[in-house]
Amino acid sequence: PECQNEKVLFTSTGYGQVRVYDIRAQKRPVRSAQLKDFGHIKAMVGVSSTEVIVGDVQGHLARFDTTNMRTKGHFKGFAGGIRSLDLHPTQPLLVGGGLDRVVRVYNLQTRKLVSQLYVKQKLTSVKFCPKIDDQIVTAPKNKRVRMS
């Protein structure tokens, strides 16, 4: 999983590492850190040019600051591996889904769970609908879920 903001590229490894590349500077990572208690990272989304949110196969979800390479806080609630993350285009919301079959929506500032919905299938992807603010598209069945 990777995310590109401006000229900074974030990548993750199967060993729970987050690497930061500055594509203007060099081909090697400019910073790298091992996330404590994280396994194989399966989902990553960039919040800004200095922050990412990462989720792993064990259900850990955390906000990570890449300037000092430290975790800024954890999001609670996942019981299984996290497969997909997405940010709302206009509101401070994060949506996540995974193997526990629950779509969860979190507030980015408070890291509190705003809403959750059981969807009866193992999720591979979740995305906010860009044209309709209160809908999320889930996969594999391309089902639309209205969050209220």
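That block above? That's the structure.
Since we're looking at a predicted model, the values are computed, not measured.

Novice: Can you help me understand the overall build of the chain in this one?
Specialist: Assigned secondary structure in the chain consists of 0 helices and 15 strands. Relative to its full complement of 148 residues, the chain shows a buried share of 51%. When contacts within the chain are restricted to residue pairs at least 6 apart in sequence, long-range pairs at least 24 apart make up 33% of them. Entry remark: accessible area of the chain is about 8,100 Å², with carbon and sulfur atoms responsible for 46%.

Novice: Would you explain the sheet that holds strand β5 (residues 41-46) in this entry?
Specialist: In a beta sheet, neighbouring strands are held together by backbone hydrogen bonds and run either parallel or antiparallel to one another. If you trace the 4 strands from one edge of the open sheet to the other, you get β5-β6-β7-β8, paired in antiparallel fashion. Each edge of the open sheet carries a strand with a single partner, namely β5 and β8 (70-74). Each adjacent strand pair in this sheet contributes to an overall mean axis angle of 30°, direction not counted.

Novice: Hey, could you run me through the packing of aromatic side chains in this one?
Specialist: Note on aromatic pairs: each is described by the distance of the centres and the angle between the planes. Within the structure shown, the criterion is met by 2 aromatic pairs. Ring centres of F75 and Y106 lie 5.3 Å apart, and the angle between their planes is 70°; this geometry places the pair in the edge-to-face category. With a gap of 31 residues between them, F75 in the loop between β8 and β9 (82-87) and Y106 in strand β11 (residues 102-107) connect regions that are remote in the sequence. A centroid spacing of 6.3 Å and a plane angle of 35° characterise the contact between F78 and Y106, whose relative ring orientation is tilted. Here the residue F78 occupies a position in the loop between β8 and β9, and Y106 occupies one in strand β11, the gap between them amounting to 28 residues. Judged by relative accessible area, Y106 falls into the buried class, the value being 1%. Connected via pairs of aromatic rings, a cluster forms that spans F75, F78 and Y106.

Novice: Could you clarify how one ought to interpret the pairing of β5 in this entry?
Specialist: Sheet faces and side chains relate simply in a regular strand, where the side chains alternate between the two faces. Across the 6 residues that make up β5, a large majority, 5, are buried. Pairing of β5 with strand β6 (residues 51-56) involves 5 bridges; the strand directions are antiparallel. Of the residues in β6, the one forming a bridge with M44 is V54. Adjacent in sequence and paired antiparallel, β5 and β6 are bridged by 4 residues.

Novice: Explanation requested: the nonpolar core in the structure shown.
Specialist: Taken as a class, soluble globular proteins show a tendency for nonpolar side chains to be buried jointly. Judged by nonpolar contacts, the single largest core of 14 residues is most densely connected at V18, L35, V54 and F64. Only β2 (8-12), β3 (17-22), β5, β6 and β7 (61-65) provide two or more residues apiece to this core. If near-sequence neighbours (up to four positions away) are discounted, V54 is found in contact with V18, L35, F38, I41, A43, M44, H60, L61, A62 and L85. Of all hydrophobic cores here, the second largest spans 12 residues; its members include F75, F78, L87 and Y106.

Novice: I keep staring at the side chain of T66 and nothing clicks. Help me out?
Specialist: Within the secondary structure layout, T66 lies in the loop between β7 and β8. Beyond its immediate sequence surroundings of up to four residues, T66 is in contact with F10, V20, R31, S49, T50, E51 and V52.

Novice: Would you take a moment to explain the pairing of β3 for this structure?
Specialist: Of all the 6 residues making up β3, 5 are buried; the element is thus mostly covered by neighbouring parts of the structure. Of the strand pairs in this sheet, β2 and β3 are connected by 5 bridges, and their pairing is antiparallel. Paired with S12 across the two strands is V18, which belongs to β3. The loop that links β2 with its antiparallel partner β3 comprises 4 residues; one of these, G16, has a positive phi angle of about 80°. In terms of strand pairing, β3 meets strand β4 (residues 31-34) through 4 bridges, oriented antiparallel.

Procedures and definitions
- In every chain, residue numbers begin from 1 and rise along the written sequence.
- Totals for whole chains, interfaces and linings use all residues, but because this is a predicted model, local features are given only for residues with pLDDT of at least 70 and pairs of side-chain atoms are given and counted only at 80 or more.
- Side-chain measures were taken over the full set of non-hydrogen atoms in the model, leaving aside hydrogen atoms and water.
- Only DSSP runs of H or I with at least four residues qualify as helices, and only runs of E with at least two residues qualify as strands; both kinds are numbered from the N terminus onward.
- Each residue is assigned to one of three classes by its accessible area relative to the maximum for its type, calculated with a 1.4 Å probe on protein chains only: buried under 20%, partly exposed between the two thresholds, exposed over 50%.
- Contacts between residues were defined by any pair of non-hydrogen atoms, one from each residue, lying within 4.5 Å.
- Note that accessible areas follow from Shrake-Rupley with a 1.4 Å probe, and for residues the cover is restricted to the protein chains shown.
- Strands were regarded as paired on the criterion that DSSP finds at least two bridges between them.
- With axes taken as lines fitted to C-alpha atoms, and helix axes fitted only over the stretch in contact, angles between N-to-C directions fall between 0 and 180 degrees.
- Only Phe, Tyr and Trp rings take part, Trp by its six-membered ring, and two of them pair if their centres are within 6.5 Å. Stacked means planes under 30 degrees apart, edge-to-face means over 60, and tilted covers everything else.
- To qualify as a nonpolar core, a set must consist of buried Ala, Val, Leu, Ile, Met, Phe, Trp, Tyr and Cys residues joined through side-chain atoms within 4.5 Å.

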